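The lines below spell out each chain.
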Amino acid sequence: MKAINRRQAFALGGGFVMLTLMPMAADAEVANDAAKWIEKFTGGKDPAKGKVSLDLPEIAENGNTVPLTVAVESPMTAESYVKEIMIVADGNPNAGVATLSFTPLSGKAEAAIRIRLAATQNVIAIAKMSDGALFTEQKVVKVTIGGCGG
Amino acid sequence: MSPRHIGLAAAIMALASVATGASAQQAERKGIPAPPGHVFKTIISGYEFRSKETRTLQDDDLENPGFLAVERAADLWKTAEGSEGKSCMSCHGEAEKSMKGVGAAMPKWDDKLKKPVNLEQRINICRSEHMKAQPWAFKSQALTDMTTFVRFQSRGMPVTAKTDGPMSPWFERGKQIYYTRYGQLDLACESCHERNNGKFMRADFLSQGQTNGFPTYRLRDQRLVPLHERFEGCMFDVRAEPFKPLSDEFIALELYVAWRGIGLPVETPSVRN
Amino acid sequence: MADKPRIKLPKEAAKGEIIQIKTLVSHMMESGQRKDAQGKPVPRKIINKFTCEFNGKPVFSCALEPAISANPYIQFNARVDEEGTFKFAWTDDDGTVITAEEKIALKA
């Protein structure tokens, strides 16, 4: 078999290395304060899965500007509406990202923002309803750094 | 080829196809057919090489952060500065009319200076000679904003580049620079943008290196970046001593790379990585 | 540096219609993580709060952290029950507030 030269080896290995380059959040010796943010928001109660849809790219074009859309099913009436959605990122220097507050006048419990992610990590959204119920969803976003001026 | 080697080769092929196909942004990239004798068969804007989310940011004028610059400069356009008490508007009137097409045909030959002049330089010549105002520093927000604003008036128009006559030696110099390896990493523009566009270099997805979208809002820098700053950055990244922004070398390169993207629609302000 | 915020919403809506509002404001959102050339940390300076009211009633608001990208983009919705004025406010860490307003009419 023809030996592959060094340049070809780099080209082959490059793409594969890309996805493994960045440490998963759990890898860090020091986990960030995500647990504290979540505890404070939920009062220690465990949120249920469901109702929350969290839209993020699978691979961020650039960690400095990552578009995020979050939506929660709800009639948004005075009797039943989404009060708050908290977003945290468990691999950033600080976990807090944003807390979105809605009223029935919002019409829809949906918002879009752009966030900074320092590394591949979980982005977690927790919704708090007007009756105190909690729902959550999370996504992994892969953040690559490097290449050339990347 | 012995069976053991076939197995190894197959494994490497599989890895390679995973590596280079990772982004699923293969083959079907929209472009325009290149004129005869051009370097590319199909000329493709940087837009096509970016992720769906990045393209969405560019597509909507409200979502596109580059428009913050366009708005700022629209005000600057009407602001009188310098001892002549003139604003851009005093001579040029409404930019939508007077600047249409200007940004699509840069750099342009200047008969007085006997050299090509790009948009940033033209803006500063106007400021110092006609407004008697201080020229804006390269990379300053004011100069980048105004360059964006003027080029934006050509949005959608095809890039043109006059490469003959007195421009010819500048075109040739730009071409020479494009194909010369620089720096400790010993790479030329063509190493990435001609030979390897559509592939990953470590974590960066390589485009054809077109300039139809400059100044561009870079997600990395979270601001508009003018072309010569990008040229400078590229040279810095291959660990070379970069040419200076607005130097003869970068003007020559700007002319040559404009030709490489001939016919592409101006996308300023574009959104890129 | 109080550049005008950019805001997009329809000029009119049917009574009870839910409209989408897009906002974009120019701000560096200095995170406090960066270091200057001398190695000293650049102090944090961000927009930490955004509010939207309609005819004096709260519609939507959010608390922002340094993990929000520069030139904050905030998109949300509002139910339009009557004609009136939306008032938007972005609050900087240093207390300054950038404000803007947009009117909306009811479709006949």
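For the structure, check the block above.
In this report, we go over the structure that sits alongside the text. (Residues numbered from 1 in each chain as written. Chains lettered and ligands numbered in written order. Predicted model: local features only at pLDDT ≥ 70, side-chain atom pairs only at ≥ 80, totals over all residues. Heavy atoms only, no water.)

Some details on the overall build of chain C
Under the convention used in this document: Helix and strand labels come from DSSP, where a helix needs a run of H or I of at least four residues and a strand needs a run of E of at least two; each type is numbered from the N terminus. Atoms considered for the radius of gyration are the C-alpha atoms alone. The globule rule reads 2.2 Å times the number of residues to the power 0.38. Think of it in three bands: residues with accessible area under 20% of the maximum for their type are buried, residues over 50% are exposed, and the middle band is partly exposed, with areas taken using a 1.4 Å probe on protein chains only. Contacts: residue pairs with any heavy atoms within 4.5 Å of one another. For the accessible areas, the method is Shrake-Rupley and the probe is 1.4 Å, while residue cover comes only from the protein chains on display. A residue counts as positive if it is Lys or Arg and as negative if it is Asp or Glu; His and the chain ends are not included. Every charge is mapped onto a representative atom, which is NZ of Lys, CZ of Arg, CG of Asp or CD of Glu.
What chain C contains, in helices and strands, is zero helices and eight strands. Overall, chain C shows an N-to-C arrangement of helices and strands of β-β-β-β-β-β-β-β. For 108 residues, the compact-globule estimate of 2.2 N^0.38 gives 13 Å, and chain C exceeds it by more than 25% at 16 Å. With the principal axes as the frame, chain C shows a C-alpha extent of 60 × 20 × 20 Å. Put simply, chain C has 108 residues, and 47% of those count as buried. Sequence-distant contacts in chain C: of pairs separated by 6 or more residues, those separated by 24 or more amount to 57%. If you sum the accessible surface of chain C, you get close to 5400 Å²; carbon and sulfur atoms cover 52% of it. Computing the positive centroid from 17 side-chain charges and the negative centroid from 15, chain C places the two 3 Å apart.

A few points about the pattern of salt bridges
We apply this condition: The rule for a salt bridge is simple: a side-chain nitrogen of Lys or Arg has to be within 4 Å of a carboxyl oxygen of Asp or Glu.
According to the stated counting rule, one finds 32 salt bridges over all chains in the structure shown. For B:Asp164, the salt bridge goes to B:Lys162, with nearest N and O atoms at 2.7 Å. Here B:Asp164 falls in the partly exposed class, since its relative accessible area comes to 44%. In this structure, the salt-bridge partner of C:Arg44 is C:Asp93, at a minimum N-O distance of 2.8 Å.

Side note on the sheet that holds strand E9 (residues 270-272) of chain B
All names here are of chain B. Our working rule: Note on pairing: two strands pair once DSSP finds at least 2 bridges between them. Fitted lines through C-alpha atoms give the axes, limited to the stretch in contact for helices. The angle between two N-to-C directions lies from 0 to 180 degrees.
Spatially, the three strands line up as an open sheet ordered E8-E7-E9, and their pairing is mixed. In this open sheet, the two edge strands, each paired with only one partner strand, are strand E8 (223-225) and E9. The mean angle between the axes of side-by-side strands here comes to 40°, regardless of whether they run parallel or antiparallel. Across three bridges, strand E7 (residues 216-218) lies against E8 in antiparallel orientation. Across the sheet, Arg218 pairs through a bridge with Arg223, a residue of E8.

Digging into the packing of helix H3 (residues 67-77) of chain B against helix H7 (residues 141-152) of chain B
Residue and element names in this part refer to chain B. Using the following cut-off: Every angle not falling under 35 degrees, over 145, or within 65 to 115 is termed oblique; those three ranges are roughly parallel, roughly antiparallel and roughly perpendicular. Following the grouping adopted for this structure description, the nonpolar residues are Ala, Val, Leu, Ile, Met, Phe, Trp, Tyr, Cys and Pro, the charged ones are Asp, Glu, Lys and Arg, and the polar ones are all others, Gly among them.
Following both chains from N to C, one finds H3 and H7 inclined at 95°, their axes separated by 8 Å at the closest point. One element, H3, and the other, H7, form an angle in the roughly perpendicular class. From H3, Phe67, Ala69, Val70, Arg72, Ala73, Ala74, Leu76 and Trp77 reach across to H7, where they touch Gln141, Ala142, Asp145, Met146, Thr148, Phe149, Val150 and Phe152. Its residues placed into classes, the contact of H3 with H7 shows 12 nonpolar, two polar and two charged.

Here's the deal with the pairing of strand E4 (residues 66-72) of chain A
Residue and element names in this part refer to chain A. With five of seven residues buried, E4 is to be regarded as a mostly interior element. The pairing of strand E2 (residues 52-55) with E4 spans four bridges and is classified as antiparallel. Each residue of the ladder has a partner; that of Ser53, found in E4, is Ala71. Pairing of E4 with strand E7 (residues 109-115), which is carried by seven bridges, proceeds in the antiparallel orientation. Paired with Leu68 across the two strands is Ile113, which belongs to E7.

Things to note about the nonpolar core
Going by this rule: Note on terminology: a nonpolar core comprises buried Ala, Val, Leu, Ile, Met, Phe, Trp, Tyr and Cys residues joined through side-chain atoms within 4.5 Å.
Ranked by internal contacts, the top residues of the largest apolar core, which has 59 residues, are A:Ile85, A:Ile115, C:Phe60, C:Phe86, C:Phe88 and C:Trp90. If you look at the next biggest cluster of nonpolar residues, it comprises 24 residues, including B:Tyr178, B:Phe243, B:Ala252 and B:Val266.

Comments concerning helix H2 (residues 52-59) of chain B
Note the cut-off: The directions considered for the arc are those from the helix axis to the C-beta atoms.
All of the buried residues in H2(B) are B:Thr54, B:Leu57 and B:Gln58. Mapping the buried residues of H2(B) onto a view down its axis gives an arc of 95°, with all of them on the same face. The exposed residues of H2(B) that point more than 90 degrees off its buried face are B:Lys52 and B:Asp59. On the buried face of H2(B), the contacting elements are E4 and E7 of chain A together with E9 of chain B.

Considerations on the side chain of A:Thr120
Residues and elements named next belong to chain A. Using the following cut-off: Polar contact is the term for a pair of N or O atoms within 3.5 Å; when the atoms are in protein, one must be able to donate a hydrogen and the other to accept it, and sequence-neighboring residues count only if both atoms are side-chain atoms.
As for its position among the elements, Thr120 is in the loop between E7 and strand E8 (121-129). Judged by relative accessible area, which is 7%, Thr120 ranks as buried. From its side chain, Thr120 meets the backbone nitrogen of Val143 in a polar contact 2.9 Å long.

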